[in-house]
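Summary of structural features
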Amino acid sequence: MNQFVVSARKYRPATFDTVVGQGHITNTLKNAIRNNHLAQAFLFCGPRGVGKTTCARILAKTINCQFLTETNEACNTCESCVSFNGGQSLNIFELDAASNNSVEDIRNLVDQVRFAPASGKYKIYIIDEVHMLSNAAFNAFLKTLEEPPSYAIFILATTEKHKIIPTILSRCQIFDFNRIQVDDISNHLLYVAGMEGITADPDALHIIAQKADGALRDSLSIFDQIVSFAGNNLTYKDVINNLSILDYEYYFRITDDLRVGNIPKVLLAFNELLSDGFDGHSFINGLASHFRDLLVCQDQATVSLLEVSKNTKEKYFAQAQLTSPQLLLKLLDICNRCDLDYRAAKNQRLHVELALIRMCTASNPMPAEEKKMLN
Ligand SMILES: Nc1ncnc2c1ncn2[C@@H]1O[C@H](COP(=O)(O)OP(=O)(O)O)[C@@H](O)[C@H]1O
Ligand SMILES: [Mg+2]
Ligand SMILES: [Zn+2]
């Protein structure tokens, strides 16, 4: 039986050019390698799941590759590349400081640094999650980092740059990794789906990409999770059911009803959502983002700011044409107030219902005669 390998591992990029969304970093690294202008210590910072460890490994492999390709990538066939790919390189060491953070662990590493590489040009030390090193370990490491032998290169990676002491920061060339854009993530998911023989709605992949919040690894884990539940054909419905996300459609419908002031329909829709187990607070915030998106879509020029598929963009644009910016600002204002007071409200359901009723009346002000009658 084939063993299932999670997509995040199976699709770990092996070359600089296949790393998604970090071109500013991979290009600089490739240039440094080509010009033989390598720093002795690198620090890779940024959120989790955006390619720090991946790039550290690619850099390590490429530095020691004997036959760089024309595009300055590792050849993957020379002795050094082959032994690295097989996990048995004698010149590349990896220490995961999350689990090996004692002063002993660092001493072992520092002891090895003293010996020049038996073959190959460089000895490369990758210290992942470097902020997890104990203080004593940090200090033991500092001496080596201050005066490293010419053949040693250190690649440090961390999600928490602010925890790295200034003496270390000042000795490293620092690279800040970006969160990955929703479009880049969904394109990558499309590629992975293709490789796995899975068909997927563009909207389904977009929602996963949004949910991953910039982390490519998370998007791949979510993707695996939904595939294991939905099989080889991923629909938008599968994704929203699996992730308990409120459907775009839902916001479109409720906005239509708000716009014409249909209070009963709006209240019934809200009731349905609560009985499906959704939370009123995230609903109000979701509604506010929907209004924001409609504001952005008032003008064709800013529609591109929406992080949704093309199909959905058209729907937003159409609804935006029916809802004036003045009204949207009023609605957003009501949402904001509802959001701010939500936690303090004793009856949170009523709190949201009142906000919805206010929105209906803001959209559809009572005729003057009726108002008089009420006074
Ligand atoms: N920029 C990226 N391009 C392509 N795949 C990525 C990228 N970032 C993360 N991944 C995917 O996520 C997995 C974990 O990435 P990793 O480099 O370990 O993230 P980090 O060290 O930043 O937490 C990789 O194996 C790969 O499948
Ligand atoms: Mg990592
Ligand atoms: Zn090679």
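Residues numbered from 1 in each chain as written. Chains lettered and ligands numbered in written order. Predicted model: local features only at pLDDT ≥ 70, side-chain atom pairs only at ≥ 80, totals over all residues. Heavy atoms only, no water.

Things to note about the overall build of the chain
Our working rule: Secondary structure elements are defined from DSSP: runs of H or I of at least 4 residues count as helices, runs of E of at least 2 residues count as strands, and each element is numbered from the N terminus. Computation of the radius of gyration draws on C-alpha atoms alone. For the globule rule, the value is 2.2 Å times the number of residues to the power 0.38. Partly exposed residues are those whose accessible area sits between 20% and 50% of the maximum for their type, while under 20% is buried and over 50% is exposed, using a 1.4 Å probe and protein chains only. We call two residues in contact whenever any of their non-hydrogen atoms come within 4.5 Å of each other. Here the open area of atoms and residues is found with the Shrake-Rupley method and a 1.4 Å probe, where only the protein chains shown may cover a residue. When charges are counted, neither His nor the chain ends are considered; positive counts come from Lys and Arg and negative counts from Asp and Glu. We put the charge of a Lys on NZ, of an Arg on CZ, of an Asp on CG and of a Glu on CD.
Helices and strands together make up the secondary structure of the chain, namely 18 helices and seven strands. In terms of C-alpha radius of gyration, the chain reaches 27 Å, well past the compact-globule figure of 21 Å for 375 residues. Along the first, second and third principal axes, the C-alpha set of the chain runs to 95 × 45 × 40 Å. Counting across all 375 residues of the chain, residues that qualify as buried make up 46%. The long-range share in the chain, meaning contacts at least 24 apart out of those at least 6 apart in sequence, stands at 73%. In the form shown here, the chain has an accessible surface area of approximately 19,400 Å², with 51% of it arising from carbon and sulfur atoms. Measuring between centres, the 36 positive side-chain charges of the chain sit 3 Å from its 41 negative side-chain charges.

Some details on the site of ligand 1
Applied cut-off: Nearness is defined per residue: one heavy atom within 4 Å of the molecule or strand is enough. The definition of a polar contact used here is a pair of N or O atoms within 3.5 Å, where within protein one atom must be able to donate a hydrogen and the other to accept one, and adjacent residues in sequence count solely through side-chain atom pairs. Of the two site types, the cavity is a set of points on a 1 Å grid over the protein atoms alone where a 1.4 Å probe fits but cannot get out, and the pocket is an open set with protein on both sides within 12 Å along at least five of seven lines, each lined by residues with an atom within 4 Å of a point. For a molecule to be placed in a cavity or pocket, more than half of its atoms must lie within 2 Å of the grid points of that cavity or pocket.
By nearness alone, 18 residues border ligand 1, and Ala 8, Gly 49, Thr 53, Thr 54 and Arg 217 come closest of all. Taking Val 20, its main chain carries an N or O atom lying 2.8 Å from a nitrogen atom of ligand 1. Taken atom by atom, the bulk of ligand 1 overlaps the second largest pocket. Looking at the shell around ligand 1, the elements that each hand over two or more residues are helix H3 (52-64) and helix H10 (216-230).

Brief notes about the state of the cysteines
The condition that has to hold: In plain terms, two cysteine sulfur atoms within 2.5 Å form what is called a disulfide here.
Under the counting rule described, the total for this entry stands at zero disulfides. Here Cys 172 stays free of any disulfide, with the sulfur of Cys 45 as its closest cysteine sulfur at 8.6 Å. Sulfur of Cys 360: no disulfide; nearest cysteine sulfur belongs to Cys 335 and is 12 Å away. Using a relative accessible area of 2% as the deciding quantity, one classes Cys 360 as buried.

A word on the sheet that holds strand E5 (residues 173-176)
Cut-off, in case you're wondering: We treat two strands as partners when DSSP finds at least two bridges between them. Think of each axis as a best-fit line through the C-alpha atoms, taken over the contacting stretch in the case of a helix, with angles from 0 to 180 degrees between the N-to-C directions.
Reading across from one edge, E2-E3-E4-E1-E5 is the order of the five strands in this open sheet, with parallel pairing throughout. Edge positions in the sheet fall to strand E2 (92-96) and E5, since each has one partner strand and no second. Pairs of neighbouring strands in the sheet enclose a mean axial angle of 15 degrees, with direction left out of account. In the sheet, strand E1 (residues 41-45) pairs with E5 via four bridges, with the strands oriented parallel. When the sheet's bridge partners are listed, Cys 45 is paired in E5 with Asp 176. Sheet strands in contact with helix H2 (residues 23-34) are E1 and E5, and its direction is about 150 degrees off that of E5. Here H3 sits on the sheet and contacts E1, E2, strand E3 (123-128) and strand E4 (152-158); the angle it forms with E3, its principal contact strand, is near 175 degrees.

Details of the pairing of E3
What counts, and what does not: Clockwise travel from the first strand over the helix to the second, with the strands pointing away from the viewer, marks a crossover as right-handed.
Here E3 lies mainly inside the structure; six of its six residues are buried. Residues Lys 123, Tyr 125 and Ile 127 point to one face of E3 and Ile 124, Ile 126 and Asp 128 to the other, with burial holding for every one of them. Sheet topology places E2 next to E3; five bridges connect them, and they run parallel. Of the residues in E3, the one forming a bridge with Leu 95 is Ile 127. Once the chain exits E2 it traverses helix H5 (residues 103-113) before rejoining the sheet at E3, and the crossover so formed is right-handed. Considered for its hand, the β-α-β crossover made up of E3, helix H6 (residues 135-146) and E4 is right-handed.

As for the packing of helix H12 (residues 248-259) against helix H13 (residues 263-275)
Test applied: Should an angle fall under 35 degrees it is taken as roughly parallel, and over 145 as roughly antiparallel, whereas 65 to 115 is taken as roughly perpendicular and any remaining angle as oblique. By definition, turning the near helix anticlockwise from the far helix through less than a right angle yields a left-handed crossing, and turning it clockwise yields a right-handed one. Under the convention adopted here, Pro, Cys and the residues Ala, Val, Leu, Ile, Met, Phe, Trp and Tyr are nonpolar, Asp, Glu, Lys and Arg are charged, and Gly plus all remaining residues are polar.
With their axes 9 Å apart at the nearest point, H12 and H13 run at an angle of 155 degrees to one another. Judged by the inter-axis angle, H12 sits roughly antiparallel to H13. Considering only the axes of H12 and H13, their crossing is left-handed. When H12 is examined against H13, the residues Tyr 250, Ile 254, Asp 257 and Leu 258 are found in contact with a partner set consisting of Lys 265, Val 266, Ala 269, Phe 270 and Leu 273. By residue class, the composition of the contact of H12 with H13 is seven nonpolar, no polar and two charged.

Considerations on the packing of aromatic side chains
Put simply, the rule reads: The criterion for an aromatic pair is that two Phe, Tyr or Trp rings (for Trp, the six-membered ring) have centres within 6.5 Å, with stacked assigned to planes under 30 degrees apart, edge-to-face to planes over 60 apart and tilted to the rest.
Across all of its chains, the model carries 15 aromatic pairs by this definition. Measuring from centroid to centroid gives 5.4 Å for Phe 141 and Phe 154, while their planes differ by 75 degrees, and the two rings are edge-to-face. You can see Phe 141 sitting in helix H6 and its partner Phe 154 sitting in strand E4, a full 13 residues away along the chain. Just as Phe 141 is buried, Phe 154 falls in that class too.

Some thoughts on the layout of surface pockets
As a reminder, the rule being used: Grid points are joined across faces, edges and corners, and a volume is the space filled by probe spheres set on the points.
Space inside the largest pocket adds up to approximately 630 Å³. For the lining of the largest pocket, the secondary structure elements donating two or more residues are helix H9 (202-211), H12 and helix H14 (280-296). If one sorts the elements of the lining of the largest pocket by residue count, H14 sits on top with eight residues. Broken down by class, the residue content of the lining of the largest pocket amounts to 10 nonpolar, seven polar and five charged.

Regarding the coordination of the zinc ion (ligand 3)
Here is the rule: Each metal site is built from N, O and S donor atoms within 2.8 Å (3.2 Å for Na, K and Ca), and since water is not included, such sites may look incomplete. Geometry assignment treats four donors as tetrahedral when all angles are between 85 and 135 degrees, treats four as square planar and six as octahedral when opposite donors are over 155 degrees apart and all others between 65 and 115, and treats everything else as irregular.
Looking at the metal site, the zinc ion (ligand 3) is ligated by Cys 65 (SG), Cys 75 (SG), Cys 78 (SG) and Cys 81 (SG), spaced 2.2 to 2.3 Å from it. Around the zinc ion (ligand 3), the four donor atoms are arranged such that angles at the metal cover 101 to 122 degrees; this shape is classified as tetrahedral.

Structural notes on the pattern of salt bridges
Working definition: two side chains of opposite charge can pair if their charged atoms are close together. Going by this rule: The rule for a salt bridge is simple: a side-chain nitrogen of Lys or Arg has to be within 4 Å of a carboxyl oxygen of Asp or Glu.
All told, the structure shown has 18 salt bridges when counted by the stated rule. Note that Lys 30 is salt-bridged to Glu 73, the shortest N-O span being 3.9 Å. Note that Lys 30 is positioned in helix H2 and Glu 73 in the loop between H3 and helix H4 (79-85), a separation of 43 residues in sequence. Taking the relative accessible area as the measure of exposure, Glu 73 reaches 6% and is therefore buried. Through salt bridges with shared partners, a single network forms among Asp 17, Lys 30 and Glu 73.

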